[in-house]
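# Tertiary structure, described
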Amino acid sequence: MQHTQWYKDAVFYQIWPRSFCDGNGDGIGDLWGVLTKLDYIASLGVTGIWFSPLYPSPQADFGYDIANYYDINPEYGDLDLFRQVLDGAHKRGLRVIMDLVVNHTSDECDWFKQSRSSRDNAFADWYIWRDGKTPGAPEDGGTPPNNWDSLFEGGAWEYEPARNQWYLHIFAKKQPDLNMDNPQVRSEVERIMRFWLDIGVDGFREDVITFISKDPALPDDSPLIPAARGMKFYNHGPHVHEYLQQFRHNVLDHYDCMTVGEAPVISPEQALEYCAEGPNQELNMVFTFEHMGADCMFTDWVPRPFDLRAYKQAVGAWQTGLAAHAWNSLYLENHDHPRIISRYGSEQYRVESGKSLACSYLFLRGTPFVYQGQEIGMTNTHLESVEESADVSTFNQVRRLRELGVPESVCLDLTNRATRDHARTPMQWDAGPSAGFVGGDGGGIPWYPVNPNHVDINVAAADRDPDSLLAFYRKAIELRRKLPVVREGSYREFKRASNALYAYAREGAGQRLLVVCSFTEEIAYFSAPAGFDLAAGELCLCGYPDAPLEDNAFFLRPYECRVYLWNDES
Ligand code: NOJ
């Protein structure tokens, strides 16, 4: 099968199904709702959809705990409805990728139910079982096999009396890790991939895929490491490349599909081991975390102000680090991070900073992902108490803080700064009572409260306003798609030391593009670098209605952004 690398021209829209659109009126987002919004998604100019997990799941981690890999969560619809959505998406030129979560399953998956029942059953070796360091149940003084932390819920091991053994869970207790060293498990992963590819999906976003191979010795980590103890023994583990190559050669090579792997704590050099183009390429790109001010998804809890220089440095390192051999992914929001305007921009200059943020990443080299609501500038919500959180990782962070004696008011502040709930409030479609999220005639109440600011910030209002962020996203995405330089060009950064401006050029394919974004409410000054004659360039985008120049320079108003283009033949 010839791989066409279609993903290099793609722009994806991420749907977190529970909060996107409720079509049947029960207060929970679903595929009936998605079906009614396909025209809207296509109107953004994007060319693909990434669905966060749609599978049956007890929803302990909102679908990242899968009970059955071969079906659709009945709350969201069924396989027939999924086929209709897929067909509707394809008819509109939208490819569809599924979330593939195979580092772990739900503890309610049949495989785990059997595995935990005895040491001697068909699934006994499908998960990572070990005897305790000290034998017996914890209440009888038994201790876990090693000192690793889970990323969600205290220690990484849970005791199972029926086996008198412990199972590993890098995430919550309800998310036991699969034993990928077992060839039967790897064949099952292949079967899952084929099942969805044969239905017609176009690829996968692979959840924490760099975690799938554990150091078989499962050694203790240094007790001095304060959190995520053990990660160095399971991230980029001994067989990860072998297993990913198996999936590629046995399955992915036979379909014109794409993969993006989530990769916490990774350098550009390590990323090349996964993504460098060639016969042994394992993934088409990886999702990295450095530009999010985090090594991994959970360090948002460390309070630190946004540092533009650090952001630019991270972006630059990845743009140049992969340029010769591999392809980048680009994102600013997803279901795991607070809203980007609240984090890196300004709620006061919401539309302006949203436009600047859009330009800061949409013209980079790589495949951009836009998260639901990002395109209308949804912002963080406000929790009055930590108990309002619905997020398993937040519960755990707060529990740890409380154990350390952190005052309740600080726990609440940190929750409001970092919780994943911010990205998971229902999508704001209109100014009505449920923000237009609840459809049908069921009169359901949204499963999570809508952000009260939906009265002003919503799709219907943005659609009526030609200067809205939504209108800007549409223009920016269209522009990106028609300029070869965005796919082909090199990356050059200016004003590196500035803590106010992010300016970069893309050069190649007979074009030059200059992107200048302000990250401050102060007036900032930009003078064009040698060789860029602003008056001769085409102003393609500006975050304000006019774009005055002074000689070959300009002053940027709060959070202003501009994009200039030169066609070299002209
Ligand atoms: C990463 C996913 O993005 C996140 O939402 C999930 O909680 C963890 N992986 C565990 O699956």
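Higher on the page you've got the structure.
Residues numbered from 1 in each chain as written. Predicted model: local features only at pLDDT ≥ 70, side-chain atom pairs only at ≥ 80, totals over all residues. Heavy atoms only, no water.

## Here's the deal with unusual backbone geometry
Note: most peptide bonds trans; most residues except glycine with negative phi. Even without glycine at this site, glutamine 5 takes up a positive phi of about 60 degrees. With respect to the secondary-structure elements, glutamine 5 resides in the segment before strand S1 (12-15). You can call glutamine 5 partly exposed: its relative accessible area is 24%. Even without being a glycine, tyrosine 559 presents a positive backbone phi close to 55 degrees. Relative to the helices and strands, tyrosine 559 resides in the loop between strand S17 (553-556) and strand S18 (561-567). (Helix = DSSP H or I, 4+ residues; strand = E, 2+ residues; numbered from the N terminus. Buried < 20%, exposed > 50% of the residue type's maximum accessible area, 1.4 Å probe, protein only.)

## Structural notes on the sheet that holds strand S7 (residues 203-206)
One open sheet accounts for 8 strands, arranged S9-S8-S7-S3-S2-S1-S11-S10; its pairing is parallel. Sheet topology places strand S9 (285-287) and strand S10 (329-331) at the edges, where each strand pairs with a single neighbour. Taking each pair of neighbouring strands and ignoring which way they run, the sheet shows an average axis angle of 25 degrees. Judged from the 3 bridges that link them, strand S8 (residues 258-262) and S9 form a sheet pairing that is parallel. (Pairing = 2+ DSSP bridges. Axes fitted to C-alpha atoms, helices over the stretch in contact; angles between N-to-C directions.)

## Here's the deal with the packing of helix H4 (residues 183-199) against helix H6 (residues 240-250)
In contact at an axis separation of 10 Å, H4 and H6 are set at 40 degrees when each is read in the N-to-C sense. Relative to H6, the element H4 lies oblique. For the pair H4 and H6, the crossing hand works out as right-handed. Residues Arg186, Val189, Glu190, Met193 and Arg194 of H4 form the contact with H6, whose participating residues are Tyr243, Gln246, Phe247 and Asn250. Residue composition of the contact of H4 with H6, by class: 4 nonpolar, 2 polar and 3 charged. (Parallel < 35°, antiparallel > 145°, perpendicular 65-115°, else oblique. Left-handed = near helix turned anticlockwise from the far one by under 90°. Contact = heavy atoms within 4.5 Å. Nonpolar A, V, L, I, M, F, W, Y, C, P; charged D, E, K, R; others polar.)

## Considerations on the packing of aromatic side chains
Under the criterion given, the structure shown has 48 aromatic pairs. Chaining the aromatic ring pairs together yields one cluster made of Phe51, Tyr55, Tyr69, Tyr70, Phe82, Trp111, Phe123, Trp126, Phe195 and Trp196. A cation over a ring is seen here: arginine 18 above tryptophan 447, with NZ or CZ 5.3 Å from the ring centre. Taking the ring centre of phenylalanine 554 as reference, the NZ or CZ of arginine 562 above it sits at 3.9 Å. (Phe/Tyr/Trp six-rings, centres within 6.5 Å; stacked < 30°, edge-to-face > 60°. Lys NZ or Arg CZ within 6 Å of the ring centre and 35° of its normal.)

## Regarding helix H3 (residues 110-117)
Taken as a whole, H3 has its buried residues at Trp111, Phe112 and Ser115. Looking straight down H3, one finds its buried side chains confined to an arc of 90 degrees; they lie on one side. Looking at the buried side of H3, the elements it contacts are strand S4 (129-130), strand S6 (165-168) and H4. (Arc of directions from axis to C-beta.)

Geometric descriptors of this kind do not, in isolation, establish any biological role.
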